[in-house]
Amino acid sequence: MNKKYKGILWWQAVLLLAAFFTAICKIYIGMDHDESYIVVMGIRLLNGDRMFDTMWDLHMTSAWPAWLGTELFYRVTGSLDGLVVFLRILSVILQFAVAYIVYCILKKYFAQESAFLAAIVTAAFLPRATQNLEYGLLEMLFVILTSVLIYDVIRQANDGGTVSWWKIVISAILFSVAVLEYPTIILAFPVYLVAACLLLNRKNAKWQVPLVFAGVCAICAGIFLVYILSYLSVPELLANIQGILSDGTHAEDGRMYSYGTQMLSLGKRSVMFLGICAAGYFCMKKWFPQKENILFYLLAVPTAVLVVSNVTGIRPSGPIGLQVRYLLATVSGLVLYFAGKKKDRVLFWLFMLPGFAVYLGVMFGSNMGIEENASFLYLDLISVVLFFSEHIIDKKKDRLTDIYPEGGKYNVKWNQRLQKICLITFAAGILFTRGYFVRITGTGPANITEHRVQMTDGVLAGIYVYPEEAENYEEKEREIRSYSDSHDTILYLGGEALCNTFTEGQFTSATCISTPVFNEEWVAYYENEKHPQPTVIFVDKENVKDLDEFLQTTFGRFLVKKYGIIPENVVEEEKFYIVIVPSARSFAINGIK
């Protein structure tokens, strides 16, 4: 590796081509209920729904990028056919643009190869394995930009330059937007403030930078609150927030017990990989005696196991499988940092520590587990590739030649090559995860080699899905169109949010989340006559197996009482129980198209 090298190496060209190829795969292949939820939230804003008012989706504050993309697409094309492909393309462009900014800034302070690897991680990483304008990816990109910009400001100021105040302002705006995407990551906010105080050498800047950062964040929060209060009173907002937080999809019951079980499982796998890496080290100690090689092996071995076990079919996994590798990589980076003599404190404080804070924030707000959420350690993984790459570059050959009485330089050269292979393998593994795996509902095993067919109509036009999925979508759309027209407002009760787009009329919903719990939240929403009321209710049989049992639940009893539902108003089809709301619908069932 050469710190002054300006060109593109062959392995960098390969990784770049892989990044573009995997992006194309993600644009056209696969669909799941969670992504449907993201897309429909954007459509809700397009239709005039307002956050905290007629829109009670738990992730609604993250919906504005999808809305902007949907608005642009609809204005240009006049329809929503092919919307998902367009939103995915926008997300790829944004992700690559952020990766390029990361590369340009970090290249000022790190070797070109180190900056390149950090950019590849940025360009290929998908925290939720979803390539769309969704909260996981957007939060990641905005937080990365925040850290990179503040890193640039501090390094430039400490090297004798001026404080770039405009970068502090932009970083604060970006972090505020990131918090909108995923509110619980606000745990990283005090980390940035403390980092600026500790790292800046100039006395005045030590306090001015964090104050400006905090002030701009406060202004952004104030603007957002003023916007919400422009159409809601404070009592209405508080009442609606209470209803939103009762959604039941992120309940705390049994979470601590579950964490204990997960940690035990993670401990077993971690010990297994550590044992494999230690054994590999002792087997190759004669030729590669450097102890830090174990840390490099911890980057490469879990990645190799993931690739081999999936390609061979020995143990297929989904896109969030074996994410213990990210936890092990993070620990390896910490060990390398604290064991090394040359420490980049700025990188540690602005990447490693905020990364931990983001991860804890996501754990607090998520209904997923310790390993599943390990993909939100993206800041730590960027710092890991920088730590390890710079370690290879800065390793002085003359410090190791005394290990080898003969041929020292040759052996040191090969040891560095081994370390480099391990590091590139780790980065390539992130690209493999993005391109090979396909996220499906339930995040089970799925990959790009499976047979799929292309959707030709609707918002999914251009997307390749399983044949049975395509048939399911088509049948559900047929039934919804058969029992509703342009004058209707449908209420879809199920986990596939895209069903809301199948009607020629309008749709209403408390939340379009993919794991709905039809509880008091829904009752509170439809008790409010200001909210759109349904004329036809479609109860998805995938979520509700028995309509009579459903009508005995809290929300079911409410529907019967409020809308006067009787058996004569219910039609059972293959995909839905269809309830005609007699108080809102004038034509009889036998008059349906």
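Residues numbered from 1 in each chain as written. Predicted model: local features only at pLDDT ≥ 70, side-chain atom pairs only at ≥ 80, totals over all residues. Heavy atoms only, no water.

## Topic: the overall build of the protein chain
Item 1. Secondary structure assignment for the protein chain yields 20 helices and 7 strands.
Item 2. Taken along its principal axes, the extent of the C-alpha atoms in the protein chain is 95 × 60 × 50 Å.
Item 3. When the 593 residues of the protein chain are sorted by exposure, 58% land in the buried category.
Item 4. Taking the contacts inside the protein chain whose residues are at least 6 apart along the sequence as the reference set, 72% of them involve residues at least 24 apart.
Item 5. Of note, the protein chain has its 51 positive side-chain charges centred 17 Å away from the centre of its 54 negative side-chain charges. (Helix = DSSP H or I, 4+ residues; strand = E, 2+ residues; numbered from the N terminus. Buried < 20%, exposed > 50% of the residue type's maximum accessible area, 1.4 Å probe, protein only. Contact = heavy atoms within 4.5 Å. Lys, Arg positive; Asp, Glu negative; His and termini not counted. Charge placed at Lys NZ, Arg CZ, Asp CG, Glu CD.)

## A few points about a negative patch on the surface
Item 1. Together, Asp81, Asp457, Glu468, Glu471, Glu474 and Glu574 line one region of the surface with negative charge.
Item 2. Among the secondary structure elements, aspartate 457 is positioned in the loop between strand S1 (453–454) and strand S2 (464–465). (Patch = residues over 30% accessible without salt bridge, like charges linked within 9 Å, V, L, I, M, F, W, Y side chains within 5 Å. Areas by Shrake-Rupley, 256 points an atom, 1.4 Å probe, with all protein chains shown as cover. Salt bridge = Lys/Arg side-chain N within 4 Å of Asp/Glu carboxyl O.)

## Thoughts on helix H1 (residues 10–28)
Residues spaced three or four apart along an α-helix face the same direction, because each turn holds 3.6 residues.
Item 1. Helix length check: H1 (19 residues) gives 28 Å between terminal C-alpha atoms against 27 Å at 1.5 Å per residue, within 8%.
Item 2. Those residues of H1 lying buried are Trp11, Gln12, Leu15, Ala19, Thr22, Ala23, Cys25, Lys26 and Ile27.
Item 3. After H1 finishes, the residue glycine 30 shows a positive phi value of roughly 90°. (Expected span 1.5 Å × (residues − 1).)

## Points about the nonpolar core
Item 1. The biggest cluster of nonpolar side chains holds 196 residues, and the ones touching the most others in it are Leu350, Leu493 and Phe555.
Item 2. Tallying contributions element by element places helix H6 (residues 135–158) first for this core, with 16 residues.
Item 3. With sequence-adjacent residues up to four places away left out, phenylalanine 555 is seen in contact with Leu491, Leu493, Phe518, Asn519, Trp522, Val523, Tyr526 and Phe550. (Core = buried A, V, L, I, M, F, W, Y, C linked by side-chain atoms within 4.5 Å.)

## Re the layout of surface pockets
Item 1. In this structure, the largest pocket encloses a volume near 1100 Å³.
Item 2. As for the largest pocket, its lining consists of 35 residues, and the residues nearest its centre are Phe52, Thr61, Val179, Leu180 and Pro183.
Item 3. Elements with a contribution of two residues or more to the lining of the largest pocket: helix H7 (165–181), helix H9 (203–229), helix H10 (234–244) and helix H14 (345–365).
Item 4. Considered as a void within the structure, the second largest pocket measures approximately 860 Å³ in volume.
Item 5. If you go around the second largest pocket, you meet 30 residues; those closest to its centre are Gly340, Lys341, Lys342, Lys343 and Asp394.
Item 6. The element contributing the most residues to the lining of the second largest pocket is helix H15 (residues 378–394), with 5 residues. (1 Å grid on protein atoms, 1.4 Å probe; cavity = no way out; pocket = protein on both sides within 12 Å on 5 of 7 lines; lining within 4 Å. Points joined across faces, edges and corners; volume = space filled by probe spheres on them.)

## Regarding the packing of helix H12 (residues 293–311) against H15
Item 1. Where H12 contacts H15, the two axes come as close as 12 Å, and the packing angle between them is 135°. Put simply, H12 runs oblique to H15. In this structure, H12 crosses over H15, and the sense of that crossing is left-handed. Contacts from Leu295, Phe296 and Leu299 in H12 reach Val384, Phe388, His391 and Ile392 in H15.
Item 2. Here the contact of H12 with H15 is composed, by residue class, of 6 nonpolar, 1 polar and no charged. (Axes fitted to C-alpha atoms, helices over the stretch in contact; angles between N-to-C directions. Parallel < 35°, antiparallel > 145°, perpendicular 65-115°, else oblique. Left-handed = near helix turned anticlockwise from the far one by under 90°. Nonpolar A, V, L, I, M, F, W, Y, C, P; charged D, E, K, R; others polar.)

## Some details on the environment of tyrosine 464
Item 1. With respect to the helices and strands, the residue tyrosine 464 is situated in strand S2.
Item 2. Exposure remark for tyrosine 464: the relative accessible area of 33% places this residue in the partly exposed category.
Item 3. In sequence terms tyrosine 464 and valine 14 are 450 residues apart; their C-alpha atoms lie 26 Å from each other.
Item 4. Beyond its immediate chain neighbours, meaning those up to four positions away, tyrosine 464 contacts Tyr28, Ile29, Gly30, Arg452, Val453 and Gln454.

## Concerning the pattern of salt bridges
Item 1. Overall, the coordinates contain 23 salt bridges when judged by the stated rule.
Item 2. We note a salt bridge from aspartate 32 to arginine 439, for which the minimum N-O separation is 3.1 Å. Of this pair, aspartate 32 sits in the loop between H1 and helix H2 (33–46) while arginine 439 sits in the loop between helix H16 (408–436) and S1; the two residues are 407 residues apart in sequence, bridging distant segments of the chain. In this pair, the class of aspartate 32 matches that of arginine 439, namely buried.
Item 3. One salt bridge in this structure joins glutamate 71 and arginine 75, with 2.8 Å as the shortest N-O distance. Of the two residues, glutamate 71 and arginine 75 are both situated in helix H3 (residues 64–77); the distance of 4 residues between them amounts to about one turn of the helix.
Item 4. It is possible to trace a salt-bridge network through shared partners that takes in Asp32, Asp34, Arg128, Glu134 and Arg439.

## A closer look at the confidence of the model for the protein chain
Item 1. Of the residues in the protein chain, 93% reach a pLDDT of 70 or more, and the chain-wide mean stands at 90.
Item 2. Taken as a whole, residues 1–5 scores under 50 in pLDDT and shows 11 contacts with residues more than four places along the chain or in a different chain.
Item 3. Low pLDDT, under 50, characterises residues 586–593; the stretch is placed with 14 contacts to residues that sit more than four places away or in other chains. (pLDDT = per-residue confidence, 0-100.)

## Examining the packing of aromatic side chains
Item 1. A complete count under the given rule lists 34 aromatic pairs for this structure.
Item 2. Measuring from ring centre to ring centre gives 6.2 Å for tyrosine 526 and phenylalanine 555, while their planes differ by 35°; the resulting arrangement is tilted. With tyrosine 526 in helix H18 (residues 520–527) and phenylalanine 555 in helix H20 (residues 554–563), the pair connects residues that are 29 residues apart, well separated along the chain. Per residue, the accessibility class of tyrosine 526 equals that of phenylalanine 555, and both read buried.
Item 3. With a centroid separation of 6.1 Å and 20° between ring planes, the pair formed by phenylalanine 555 and phenylalanine 558 is classed as stacked. Taken together, the residues phenylalanine 555 and phenylalanine 558, both in helix H20 and 3 residues apart, mark about one turn of the helix. Exposure class is identical for phenylalanine 555 and phenylalanine 558. Each is buried.
Item 4. Put simply, the rings of Trp56, Phe518, Trp522, Tyr525, Tyr526, Phe550, Phe555 and Phe558 pair up and form one aromatic cluster.
Item 5. Between arginine 417 and the ring centre of tryptophan 414, over which it is positioned, the NZ or CZ distance is 4.7 Å.
Item 6. When the ring centre of tyrosine 577 is taken as origin, the NZ or CZ atom of lysine 541, which lies over that ring, is 5.1 Å away. (Phe/Tyr/Trp six-rings, centres within 6.5 Å; stacked < 30°, edge-to-face > 60°. Lys NZ or Arg CZ within 6 Å of the ring centre and 35° of its normal.)

## Section: the pairing of strand S5 (residues 536–540)
Item 1. Within S5, 5 of the 5 residues are buried, leaving the element largely enclosed by the surrounding structure.
Item 2. Burial of the side chains of S5 extends over both faces: Val536, Phe538 and Asp540 are buried on one face and Ile537 and Val539 on the other.
Item 3. Across 4 bridges, the pairing between strand S3 (residues 489–493) and S5 is parallel. What sits directly across from isoleucine 490, in S5, is valine 536.
Item 4. Judged from the 5 bridges that link them, S5 and strand S7 (residues 576–580) form a sheet pairing that is antiparallel. (Pairing = 2+ DSSP bridges.)

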